[in-house]
Amino acid sequence: MSTGAIVAGCLAPHPPHLVYASNPPQNEPRAECGWEELRWGYERLRAVLDPLDYDVLVVHTPHWQTYVGTHFLGLPNFKSLSVDPIFPNLFRFHYDLNVDVELAEAICGRAAQAGLVTTMMRNPDFRVDYGTIVSCQMTRPAWDKPIVCISSARTAAWYSVEVMQEQALALGRATREAIEATGRRAVLLASNSLSHRHFTSEGDVPEDMSREHIYNHGQYLWDMRVLEHVRQGRGREIVDEMPEFVSQAISEADAGSMTWLMAALGMPDYPGQVHAYGTVIGTGNAVVSWVPA
Ligand SMILES: [Fe+2]
């Protein structure tokens with residue numbers, strides 16, 4: 001069997017607005033346009049990923065929130081309607097996705113060996129979270145690759161960012177080991193936004209871009225600081241500064257997705273390519289790829 005590898009790791013944020021504005025046939029609402037910079041950034045990301053000939057997308061999502069450990073989708077197929085609880089006017093998406101159960105079980109098992117509480121989710125009626133669906137739809141709209149979906153254990157909320165980091169680092173290492181052991185060529189997706197303060201009211205036209213801007217300058221400064229670490233190949237600094245980033249920018253990286261990604265990539269000391277930065281209802285979002293040599 002060939003040696004498996006992570007062929008790319010990505011920041012692949014999941015605002016449902018990006019799917020809404022793209023008008024894929026699976027989504028019921030129709031949009032005129034909107035959030036072009038981020039959507040075109042995803043196009044640039046796809047242009048990097050598509051030639052890599054990968055087997056599977058592995059996504060860590062902030063919106064599958066599990067309160068007893070880390071869960072993994074554990075059946076070969078899930079098919080249903082996903083409705084965003086906050087934006088049902090933007091996202092009613094009919095999904096039909098396949099899971100690489102063997103790889104999911106391998107990550108689950110190695111994470112358990114590392115001391116994490118893990119569970120395979122085998123309920124056929126389980127509804128897959130919109131974070132997973134948006135990140136995968138924007139990264140691979142053809143849905144022709146299986147996915148592995150990893151929940152967020154919400155450790156930052158129940159304990160502290162430091163506890164979240166310890167567990168996300170262990171989960172990232174387990175993910176890498178399992179990919180190598182199973183011979184997969186994997187693309188990893190951290191599904192989170194960066195700064196995450198957002199507006200609480202919506203205009204009559206959701207895609208009215210005259211309303212769209214960063215929530216405040218402090219959030220912007222944090223996003224630029226993190227993206228400069230990305231661009232300069234300072235993966236370890238991103239993890240080191242995570243507690244301050246999460247507390248001061250209310251970052252959605254509190255879910256552990258970005259720490260998990262940095263650990264799985266072995267704390268990249270090479271630059272990540274920033275394909276786009278833009279805001280969605282005031283939150284900071286970046287589309288980034290790290291391609292190991
Ligand atoms: Fe989110």
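Up top you'll find the structure we're talking about.
Predicted, not measured: the structure shown is a model, and the values here were computed from it.

Caption draft 1: Fine view of the pairing of strand β10 (residues 283–290). Most of β10 sits inside the fold, with eight of its eight residues counted as buried. The two faces of β10 match: Thr283, Asn285, Val287 and Ser289 on one face and Gly284, Ala286, Val288 and Trp290 on the other face are all buried. In this structure, strand β1 (residues 5–11) lies alongside β10, joined through three bridges in antiparallel fashion. Within the sheet, the bridge partner assigned to Leu11 lies in β10 and is Val288. By the bridge criterion, seven bridges tie strand β9 (residues 273–280) to β10 in an arrangement that is antiparallel. Its bridge partner being in β10, Gly278 is matched across the sheet by Asn285. Connecting the antiparallel pair β9 and β10 is a turn made up of two residues, with Ile281 showing a positive phi of about 45°.

Caption draft 2: The arrangement of the nonpolar core in detail. Counting 83 residues, the largest nonpolar core has Cys10, Ile107 and Val148 as the members making the most contacts within it. Per-element accounting of this core gives the leading share, seven residues, to helix α6 (residues 161–182). Ignoring sequence-local partners within four residues, the contact set of Ile107 consists of Phe72, Val148, Ala174, Thr175 and Ala178.

Caption draft 3: Focus on helix α4 (residues 130–139). The element α4 is extensively covered by neighbouring structure, given that 10 of its 10 residues are classed as buried. Considered for burial, the residues of α4 that qualify are Tyr130, Gly131, Thr132, Ile133, Val134, Ser135, Cys136, Gln137, Met138 and Thr139.

Caption draft 4: Unusual backbone geometry, seen in detail. The backbone phi angle of Asp53 is positive, close to 55°, even though this residue is not glycine. Summarising the element assignment, Asp53 is placed in the loop between α2 (36–49) and β2 (56–65). Judged by the 8 C-beta atoms lying within 10 Å of it, Asp53 is exposed. The phi angle at Arg154 is positive, at roughly 60°, despite the residue not being glycine. Relative to the assigned elements, Arg154 resides in the loop between β7 (147–152) and α5 (155–158). With 16 C-beta atoms counted inside 10 Å, the residue Arg154 sits in the partly exposed group.

Caption draft 5: Spatial organisation of the packing of α6 against helix α10 (residues 257–264). At a closest axis distance of 7 Å, the pairing of α6 and α10 adopts a crossing angle of 45°. If you check the angle between α6 and α10, you find them oblique. Pair α6 / α10 crosses with right-handed handedness. On α10, the residues that touch Gln165, Ala168, Leu169, Leu171, Gly172, Arg173, Thr175 and Arg176 of α6 are Thr259, Trp260, Leu261, Met262, Ala263 and Ala264.

What counts, and where the lines are drawn
Residues numbered from 1 in each chain as written. Predicted model: local features only at pLDDT ≥ 70, side-chain atom pairs only at ≥ 80, totals over all residues. Buried ≥ 20, exposed ≤ 12 C-beta atoms within 10 Å, placed from the backbone. Helix = DSSP H or I, 4+ residues; strand = E, 2+ residues; numbered from the N terminus. Pairing = 2+ DSSP bridges. Core = buried A, V, L, I, M, F, W, Y, C linked by C-beta atoms within 7 Å. Contact = placed C-beta atoms within 7 Å. Axes fitted to C-alpha atoms, helices over the stretch in contact; angles between N-to-C directions. Parallel < 35°, antiparallel > 145°, perpendicular 65-115°, else oblique. Left-handed = near helix turned anticlockwise from the far one by under 90°.

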